[in-house]
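Examination of the molecular architecture
Listed below, chain by chain, are the residues.
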Amino acid sequence: MAQPQPVSLTDLDLNQLGDIKKQFEEELNHLTNSFAQLKQAQAKFKACIDNVAEINLQNRGKTILVPLTNSLYVPGKLNDPDHVLVDVGTGYFVQKTRPQATKHYQSKVDYIRTNLETLEDTIQKKRDNMNAVVNVIQVKLQEQTRNVTKD
């Protein structure tokens, strides 16, 4: 099978360069949205770590508000402050000790951090590539303007 041959940006016409620029813009938009969603997920897991840290043995038997939805709470009593239920995804919950829950959420935060770093590098490379395309477009437009003014 033949390998694709690299093409120099300067060999492309303005329409082709415009299409490439548009493609880079769409990719950057998608990657930037993904980056923002990962940041939100990371913030949620960090909040879970903070929430687990707030539970202590002195709270045993105290009345707390248990969220049923984002805006609906019911009163409840904290019977076992040593254990929490951790949402492990797709509607499954696992009982863990507070240190286990903290470790679980910290591993999620770390995993997302590595994905964010990789994604950040990818975004930067896409931006660099798009800037190169924009620079070539500007040079070609300047050449066209010079040629029109000469005539």
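Predicted model only: the values in this text are computed from it and were never measured.

Definitions and limits used
Residues numbered from 1 in each chain as written. Predicted model: local features only at pLDDT ≥ 70, side-chain atom pairs only at ≥ 80, totals over all residues. Heavy atoms only, no water. Core = buried A, V, L, I, M, F, W, Y, C linked by side-chain atoms within 4.5 Å. Buried < 20%, exposed > 50% of the residue type's maximum accessible area, 1.4 Å probe, protein only. Contact = heavy atoms within 4.5 Å. Axes fitted to C-alpha atoms, helices over the stretch in contact; angles between N-to-C directions. Helix = DSSP H or I, 4+ residues; strand = E, 2+ residues; numbered from the N terminus. Parallel < 35°, antiparallel > 145°, perpendicular 65-115°, else oblique. Left-handed = near helix turned anticlockwise from the far one by under 90°. Nonpolar A, V, L, I, M, F, W, Y, C, P; charged D, E, K, R; others polar. Expected span 1.5 Å × (residues − 1). Polar contact = N/O pair within 3.5 Å; in protein donor to acceptor, adjacent residues only side chain to side chain. UniProt positions renumbered as here; feature names shortened; annotations may be inferred.

Quick look at the nonpolar core now. Formed by 14 residues in total, the largest nonpolar core has its most connected members in Leu-17, Phe-35, Leu-119, Ile-123 and Val-133. Discounting chain neighbours no more than four positions away, the residues touching Val-133 are Leu-9, Leu-17, Ile-20, Lys-21 and Phe-24. By size, the runner-up hydrophobic cluster in this structure holds seven residues, among which are Ile-49, Val-52, Val-86 and Val-109.

Following both chains from N to C, one finds helix α1 (residues 14-54) and helix α2 (residues 98-150) inclined at 160°, their axes separated by 8 Å at the closest point. Put simply, α1 runs roughly antiparallel to α2. Judged by the sense of rotation from one axis to the other, the crossing of α1 with α2 is left-handed. Grouping the constituent residues of the contact of α1 with α2 by class yields 26 nonpolar, 10 polar and 12 charged.

Take α1 next. Over its 41 residues, α1 extends 59 Å from the first C-alpha to the last, a length consistent with the 60 Å expected when each residue adds 1.5 Å. Buried within α1 we find Leu-17, Phe-24, Leu-28, Leu-31, Phe-35, Gln-42, Ile-49 and Val-52. In the core, the buried residues of α1 are packed alongside α2. Near the N-terminus of α1, the side chain that reaches the backbone nitrogen of Asn-15, with its oxygen 3.1 Å away, is that of Asp-13.

Our next topic: the UniProt feature "coiled-coil region" (unreviewed entry) in the chain. According to UniProt, the feature "coiled-coil region" (unreviewed entry) maps to residues 14-41 and 109-136 in the numbering used here. The span residues 14-41 shows a helical share of 100% and a strand share of 0%, and its end C-alpha atoms are spaced 40 Å apart. The distance separating the terminal C-alpha atoms of residues 109-136 is 40 Å; by composition the span is 100% helix and 0% strand.

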